[in-house]
Amino acid sequence: MEQETYQKEYSIGKILSEAWKIFKENFRLIAVIILLVYIPLNIIYLSLGLANETMMGAVGFVETTETSTDIIFGILNGLIGIIATMAIMYATKARRENREVDYRECFQASLLRWWPAIGTNILLTIFLIGLFILLIIPGIIYSVYWTFALCAVVLCHKSGMNALDYSKAIVQGRWWTILWYSLALGIISIVIYVGIDFFSLLFPPHPFSLLIFDLIVNIVSAFFIVATTIFFLNFDETKTALNKADYNETV
């Protein structure tokens, strides 16, 4: 099964089916990772939201505090949530290679790559902002080239420009394919998130129900992390195979 992963480039359907297989067979491990990271994060977010409701007196103050809450949570999610993302990536690769791992090993591997991941994300963000400010097209082009930067950090022990270059090497020659696959995964996830959000409106906005629906969103997001990891692993290995084929043709 492992060898089949690397024989040829996957279709988007194959990526999703392989991701679902790993996600389903390792749901307990993935759920533990999500719960340990996101229950505290979601409680903090809900607490900040409840604190905002006590400040509804001044005109415009609610909007200001809501914006501040979103910014604070965005920073926390970027710093802490990425630990869960990397742990799930590590677990996916391990299980794809038929290696048994537990949540402790996954978190340990994630934490070892925490600072390189944060540094690489900051570098990527600075570069993309600069590219989008200069011209929209270069920003879009390099957004696709650097699709796999975080995967390269976690699974290939790259960091900074090395991670960005590694991602670009995988994408090169398959830019449109990777754009289409990324859009497909993004659209599917948005449709699911909108469905969850619509369903949540049927329930009263109680903190407990909000926490439950936030966790459901986190679990769904975990599936797409698995899918992205399968996407990366397959395209990384087929890139190597394609390079060998090109070399043989020129010899």
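**Q** Looking at this structure, how should I read the packing of helix 6 (residues 114-134) against helix 9 (residues 161-171)?
**A** Helix packing for two helices is described by the angle between their axes and how far apart those axes are. One way to put it is that helix 6 packs onto helix 9 with a least axis distance of 9 Å and a crossing angle of 70°. Overall, the two elements helix 6 and helix 9 adopt an arrangement that is roughly perpendicular. Residues Thr120, Leu123, Leu124 and Phe127 of helix 6 lie in contact with helix 9, whose contacting residues are Met161, Ala163 and Leu164.

**Q** Looking at this structure, I do not really get the nonpolar core. What am I missing?
**A** If you look at soluble globular proteins, the nonpolar side chains tend to sit buried side by side. Counting residues in each nonpolar core, the largest one holds 72 residues, and the members touching the most others are Ile33, Ile88, Cys106, Phe148, Val226 and Phe231. Those residues in contact with Phe231 that sit more than four places away from it in its chain are Ile15, Phe148, Ile178, Tyr181, Ser182 and Leu185.

**Q** Looking at this structure, how should I read the environment of Gly173?
**A** Note on placement: Gly173 falls in the loop between helix 9 and helix 10 (175-200). Of the residues examined, Gly173 reaches a relative accessible area of 79% and is grouped as exposed. Distance in space between the C-alpha atoms of Gly173 and Lys239 is 9.3 Å, their sequence separation being 66 residues.

**Q** What should I look at first to understand unusual backbone geometry in this one?
**A** Leaving glycine out, the prevailing phi sign among residues is negative, and the prevailing peptide bond configuration is trans. Phi is positive for Asn98, close to 60°, though the residue is something other than glycine. Tracing the backbone shows Asn98 in the loop between helix 4 (61-96) and helix 5 (103-112).

**Q** So what exactly am I meant to see when it comes to the packing of helix 7 (residues 136-145) against helix 9 here?
**A** It is the contact of helix 7 with helix 9, at a shortest axis distance of 8 Å, that shows an interaxial angle of 90°. By the angle class used here, helix 7 and helix 9 are roughly perpendicular. For the pair formed by helix 7 and helix 9, the contact residues are Tyr142, Val144 and Tyr145 on the first element and Ser167, Lys168 and Val171 on the second. Of the residues in the contact of helix 7 with helix 9, the class split is four nonpolar, one polar and one charged.

**Q** What exactly am I supposed to notice about helix 6 here?
**A** Here helix 6 is 21 residues long and its end C-alpha atoms lie 30 Å apart, about the 30 Å a rise of 1.5 Å per residue gives. For helix 6, the complete set of buried residues consists of Ala117, Ile118, Thr120, Leu124, Leu128 and Leu131. Axial view of helix 6: buried residues confined to an arc of 160°, hence all on one face. Summarising the geometry of helix 6, the exposed residues directed more than 90 degrees from the buried face are Trp115, Ile126, Ile133 and Leu134.

**Q** In this structure, what is going on with the side chain of Ser167? I would like to understand it.
**A** By the secondary structure assignment, Ser167 is in helix 9. Accessibility expressed as a relative area gives 0% for Ser167, which makes it buried. In contact with Ser167, other than residues within four places in its own chain, are Tyr145, Trp146, Thr147, Phe148 and Ala149.

**Q** Whenever I open this one, the packing of aromatic side chains confuses me. Can you help?
**A** Any pair of aromatic rings gets described here by the distance separating the centres and the angle formed by the planes. With the rule as written, the count across this model stands at 19 aromatic pairs. Aromatic pair Phe127 and Trp146: ring centres 6.0 Å apart, planes at 40°, arrangement tilted. Taken together, the residues Phe127 in helix 6 and Trp146 in the loop between helix 7 and helix 8 (149-156) connect sequence positions 19 residues apart. By relative accessible area, Phe127 is classed as partly exposed at 30%.

**Q** Could you clarify how one ought to interpret helix 10 in this entry?
**A** Spacing of three or four residues puts side chains on the same side of an α-helix, whose turn is 3.6 residues. For helix 10, with 26 residues, the first-to-last C-alpha span of 37 Å sits near the 38 Å given by 1.5 Å per residue. For helix 10, every residue scored as buried is listed here: Trp175, Ile178, Leu179, Tyr181, Ala184, Leu185, Ser189, Ile196 and Ser200.

Procedures and definitions
Residues numbered from 1 in each chain as written. Predicted model: local features only at pLDDT ≥ 70, side-chain atom pairs only at ≥ 80, totals over all residues. Heavy atoms only, no water. Axes fitted to C-alpha atoms, helices over the stretch in contact; angles between N-to-C directions. Helix = DSSP H or I, 4+ residues; strand = E, 2+ residues; numbered from the N terminus. Parallel < 35°, antiparallel > 145°, perpendicular 65-115°, else oblique. Contact = heavy atoms within 4.5 Å. Core = buried A, V, L, I, M, F, W, Y, C linked by side-chain atoms within 4.5 Å. Buried < 20%, exposed > 50% of the residue type's maximum accessible area, 1.4 Å probe, protein only. Nonpolar A, V, L, I, M, F, W, Y, C, P; charged D, E, K, R; others polar. Expected span 1.5 Å × (residues − 1). Arc of directions from axis to C-beta. Phe/Tyr/Trp six-rings, centres within 6.5 Å; stacked < 30°, edge-to-face > 60°.

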